[in-house]
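Architecture at a glance
The primary structure of each chain is shown beneath.
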Amino acid sequence: MFDTLRDNSRIIVYIVVVAFVISGGFMGYGAYLNNQGGGGQSPNQSSSVIAEVNGMEISQQEYYSMLRQQAPQSNLSSSQIIPFRYNVLNALIERKLIMLQAEELGVNVEVSESEIDENYNNILEQNEMTDQELAEALSEQGYTIGQLREDIAANIEDNKLLTQTIDQGIGEVEVTDEEIQELYQQRHPKAESEEENNESASTADDTASEADADDVETAADERPELAEVRDELETEIRNQKRNQAVNSWLNELKSTAEIIVNDPVLSAYHALENENYEEAIEQFSDFVDEEETDPIFYTYLADAYVGQNNYDRAEEVYNNAVNAFPENNDLKFNYSQFLVEQEKTEEAIAQLDEISASAEDDFMTYYQLFMMYSRLDAEEKAQSAMQKVQQISQNMQQNAAENEVNEEMTEEIQSEAEEIEEDVEVETPLEPEENN
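First things first, this report covers the structure right here in the doc. These numbers were taken from a predicted model, which means no experiment stands behind them. (Residues numbered from 1 in each chain as written. Predicted model: local features only at pLDDT ≥ 70, side-chain atom pairs only at ≥ 80, totals over all residues. Heavy atoms only, no water.)

1. Observations concerning unusual backbone geometry
Rules: Every helix listed is a DSSP run of H or I at least four residues long, and every strand listed is a run of E at least two residues long, numbered separately from the N terminus.
The residue Glu128 is not glycine, and still its phi comes out positive at about 50 degrees. In this structure, Glu128 sits in the loop between α3 (113–127) and α4 (131–140). Phi at Asp377 is positive, roughly 60 degrees, even though this residue is not glycine. Tracing the backbone shows Asp377 in the loop between α16 (363–375) and α17 (379–423).

In structure tokens form, the structure reads like this:
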């Protein structure tokens, strides 16, 4: 969980000591622990405020710091970028709300030196460094071990503050025996009873009866006793109920909070996510009217109309979108999904056919086509799409194998060339001796 200290990037300190995950939050509870070790501001960042939560500001520096921390390893598609950016902002909004609740509830926490030492030693261990090496690495970044320990203490304090505030906010989570018993029956269903087995055995031959009896006995042997798995089941139920309670609590806090999002795109998406459809329509309409607009804005505008049950306007938006961006398959997939929901199967298949005609050798496009065709019971088209998926997959594997062979051949040629150079002796003529 720690970034390497051997490059020139800032040290990001993550301290995650909470075991449960908030499904509604971004990337779990760890998303709230967003402090960055040390100060500093990138040249492309400004000190302007990206959002406000009941008067508490979220600066662009804080926001971009979180974006860097949570950035995925692979590139996001155009349809994923805005939700990703919004989820990061939403995590910061929820964090601010929890901090405000901590003040209201009077939550106080303390951080011990032993806790700081433990996390500091973890940093040394994770980066395989000594104290001296760490000090030198920090010094190159204008940072000291003292500052690092202060940031570690601040992160631990925030962690405790968030945890204790959530605990007070949601109250005690109880798990009943009935809930444990129900989950036990789901995970470990009871084997066929002896009486049922005997009934079925009476109508079969002796060999089949013995085989059935053996199967029942094996199933019974594999089924654990409730006492053996009770703690595990109780923990699972408690975590699930806790997550639900946290999500409900956070949603309640957000519903009564004054949240202002200053970034225009995130503001429009915030309105859409919070079912403020009139506002979302107004803002996304402005975006689609721009000369160089992002095609995804059409989808969000259509979604806002769907939220108002205005399906005719939503369909009109999609028609305008596919006409404006005829080569954008994401729009056509979204449009076909909308048509499926409106039970317009033929129109949906027509959109998918257009995608298929221009898909070329795009693996994911054909896989999506297979899934959509299958959902619409267009079996022949689905089978054709799957054949393309398999063909592209085989070509990819073949190309990878050929590249591997080429690399091996190149290495062999280089190795042979080096051996030849070593074997060939180049004689350098002697320089004439100077006459004295």
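2. Overview of helix α11 (residues 277–288)
The test is simple: A helix is expected to reach a length of 1.5 Å times the quantity of its residues less one. Burial here depends on accessible area, computed with a 1.4 Å probe over protein chains only, as a share of the maximum for the residue type. Under 20% is buried, over 50% is exposed, and the range in between is partly exposed. Two residues form a contact once any of their heavy atoms are found within 4.5 Å.
The first and last C-alpha atoms of α11 sit 16 Å apart over 12 residues, in line with the 16 Å expected at 1.5 Å per residue. Burial in α11 covers these residues: Ala280, Ile281, Gln283, Phe284, Ser285, Phe287 and Val288. Among the structural elements, α10 (264–273) and α12 (296–307) are those in contact with the buried residues of α11.

3. A short note on the pattern of salt bridges
To keep things clear, this is the line we draw: Salt bridges are defined by distance alone: a side-chain nitrogen of Lys or Arg within 4 Å of a carboxyl oxygen of Asp or Glu.
A full pass over the atoms with the stated rule returns 17 salt bridges. A salt bridge links Glu62 to Lys96; its shortest N-O distance comes to 3.5 Å. Placement of the pair is Glu62 in helix α1 (residues 60–70) and Lys96 in helix α2 (residues 78–105), with a sequence separation of 34 residues. One exposure class covers both Glu62 and Lys96, and it is buried.

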